[in-house]
Amino acid sequence: MKSVAAKEGKITMIESEIPKVQDHYLLVKTSHSVISTGTELSVIRSSQNRTAYLGYSAAGTIVECGGGTQPFTKGQLVACYGVPFVRHSEYLLVPKTLCSPVPDNVQAKEAAFAGVGAIAIHALRMANLQFGESVVIAGLGVLGQIIAQISHASAYDVIPYEVNESRAQLFQSCTGVEVATSNEYLNRFIEEKTNGLGSDAVLLCAGGGHSPLTNESLDWVRDKGKIVIVGDVEPHFKRSLMFGKEAEILISRAGGPGRYDPVYEKAAVDYPYAYVRWTEGRNMGEFLRLLSEKRIQVNAYLQESVLFDNISEAYAELQQENTSVLTKVIDYN
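Residues numbered from 1 in each chain as written. Predicted model: local features only at pLDDT ≥ 70, side-chain atom pairs only at ≥ 80, totals over all residues. Heavy atoms only, no water.

J.: Help me understand the environment of His-152 in this model?
T.: Considering the arrangement of structural elements, one finds His-152 in helix 4 (residues 142-153). For His-152, a relative accessible area of 38% corresponds to the partly exposed category. Sequence-wise, His-152 and Pro-103 are 49 residues apart; in three dimensions their C-alpha atoms are separated by 22 Å. Setting aside anything within four residues of it in sequence, one finds His-152 in contact with Val-158, Thr-175 and Val-177. (Helix = DSSP H or I, 4+ residues; strand = E, 2+ residues; numbered from the N terminus. Buried < 20%, exposed > 50% of the residue type's maximum accessible area, 1.4 Å probe, protein only. Contact = heavy atoms within 4.5 Å.)

Here's what the structure looks like:
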């Protein structure tokens, strides 16, 4: 089988044997996977002295089940998530805790977003918003778009912020929600929607390392509000601004509880449902439910697809400055 990796800042194909199934794991033939632009372009840039596999969100058909993987069955369509088990590869060996059954009315290419969706859902859970509260979503890349869609579906008062006009228009066409496209516009939006009190939470979904958004977000949030760092943003905040608002600064770690825990991920031992309600696996399932019930949609992000053998072209386009393309869906069929 072939897998996609970055080496010396370039895309390369690595050939290897199809992995053998083992207990608590599923062998999946990949149908589609999704390029997570921010994460993967960052990995490519940092691959000067190493080889790094790319990708973490996919969907495919189970070709073999290891022991102890009930109720999964051979031939079943599943969504898969998580490094190092999921990558842009023709076959995937994935622990059962990182797979989720795909509802009959959800297409494989839609389900391939489930890993990104789990990250989006966990970020919102970190904000701990209640019905009717307001949230600024700063940055409408594919992750920000999905977070903002789920926020809208949850009846939060969503205030999206994106300076890229095409991304702003894309979100508006999906939801009908107006997007602030400048800082001045955003400040006016917040003033009107919150009676000048500030947003209950701000989710920073943009990249850029040292970003002015960090300190600007303290102007947008209310006293004792929350700022959740979702994108690749360094948490540099001025103490005086933090002190003035007594704001809570949080970092959202991937798809939820279970991430980076070898017992949950490698040994495929799930957390007790009564004590950890929303694991990364259960967040995937919730994202698929939202798709199935048409609460959110990803069809607008499916327009840019590429065959697996042409994947280098996809990365070349995504690396162009000021590209309006959010992501590419890789087709293995």
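Let's pick the thread back up.
J.: What's the story with the sheet that holds strand 13 (residues 248-251) in this structure? I'm lost.
T.: The strands making up a sheet associate through backbone hydrogen bonding, with each pair oriented either parallel or antiparallel. Reading across the sheet, the 5 strands line up as 10-9-11-12-13 and stay open at both edges, with parallel pairing between neighbours. A single partner strand is all that each edge strand has here, and the edge strands are strand 10 (157-161) and strand 13. Direction aside, neighbouring strands of the sheet carry axes that sit 20 degrees apart on average. Two elements, strand 9 (residues 134-138) and strand 11 (residues 199-204), share 4 bridges in a ladder whose sense is parallel. Its bridge partner lying in strand 11, Ala-138 is registered against Leu-204. Here helix 4 sits on the sheet in contact with strand 9, strand 10 and strand 11, set at roughly 165 degrees to strand 9. Contacts from helix 7 (residues 213-220) reach strand 9, strand 10, strand 11, strand 12 (221-229) and strand 13, with the element oriented near 145 degrees to strand 12. (Pairing = 2+ DSSP bridges. Axes fitted to C-alpha atoms, helices over the stretch in contact; angles between N-to-C directions.)

J.: What should I look at first to understand the pattern of salt bridges in this one?
T.: A side chain of one charge can pair with a side chain of the opposite charge when the charged atoms of the two come close. Using the criterion set out here, one finds 11 salt bridges in the structure. The closest approach of N and O atoms between Arg-289 and Glu-293, which form a salt bridge, is 2.8 Å. Owing to a relative accessible area of 34%, Arg-289 belongs among the partly exposed residues under this scheme. Of the charged contacts, one joins Lys-328 and Glu-317 as a salt bridge, the two residues approaching to 2.8 Å between their closest N and O atoms. Taken as a pair, Lys-328 in the loop between helix 11 (311-318) and strand 15 (329-331) and Glu-317 in helix 11 lie far apart in primary sequence, 11 residues in all. Looking at Lys-328, the relative accessible area reads 6%, which means it is buried. Salt bridges here are not isolated pairs; linked through shared partners, they connect Glu-286, Arg-289, Glu-293 and Arg-295. (Salt bridge = Lys/Arg side-chain N within 4 Å of Asp/Glu carboxyl O.)

J.: What is the right way to read the side chain of Ser-89 from this model?
T.: Among the structural elements, Ser-89 can be located in the loop between strand 6 (77-81) and strand 7 (91-95). The class of Ser-89 is buried, set by a relative accessible area of 0%. Here Ser-89 is in contact with Met-1, Lys-2, Ser-3, Thr-30, Phe-308 and Tyr-332, once residues within four sequence places are set aside.

J.: What am I meant to see in helix 7 here?
T.: One turn of an α-helix holds 3.6 residues; hence residues three or four places apart share an orientation. All of the buried residues in helix 7 are Leu-213, Thr-214, Ser-217, Leu-218 and Trp-220. Projected down its long axis, helix 7 carries its buried residues within an arc of 155 degrees, all on one side. (Arc of directions from axis to C-beta.)

J.: Help me out: how do you make sense of the nonpolar core in this one?
T.: The nonpolar side chains of a soluble globular protein tend to be buried with one another. Judged by nonpolar contacts, the single largest core of 54 residues is most densely connected at Phe-113, Ile-137, Ile-146, Ile-147, Leu-203 and Phe-287. Of all the elements in the fold, those that place two or more residues in this core are strand 6, helix 3 (114-127), strand 9, helix 4, helix 5 (165-175), strand 11 and helix 10 (280-292). Those residues in contact with Phe-287 that lie beyond four places of it in its chain are Glu-110, Phe-113, Ala-114, Gly-117, Ile-121, Ile-146, Ile-296 and Val-298. By size, the runner-up hydrophobic cluster in this structure holds 21 residues, among which are Leu-186, Ile-190, Val-233 and Phe-237. (Core = buried A, V, L, I, M, F, W, Y, C linked by side-chain atoms within 4.5 Å.)

J.: Even after reading the chapter, I still don't get the packing of aromatic side chains, so can you show me in this structure?
T.: Here the distance between the centres and the angle between the planes together describe a pair of aromatic rings. Throughout the structure, instances matching the rule amount to 7 aromatic pairs. Centroid distance Phe-113 to Tyr-301: 6.3 Å. Interplanar angle 50 degrees. Geometry classified as tilted. Placement of Phe-113 in the loop between helix 2 (108-111) and helix 3 and of Tyr-301 in the loop between helix 10 and strand 14 (305-307) is noted, with a sequence separation of 188 residues between them. Here the two residues Phe-113 and Tyr-301 agree in accessibility, since each one is buried. Its end group placed over the ring of Phe-189, Lys-193 keeps NZ or CZ at 5.6 Å from the ring centre. (Phe/Tyr/Trp six-rings, centres within 6.5 Å; stacked < 30°, edge-to-face > 60°. Lys NZ or Arg CZ within 6 Å of the ring centre and 35° of its normal.)

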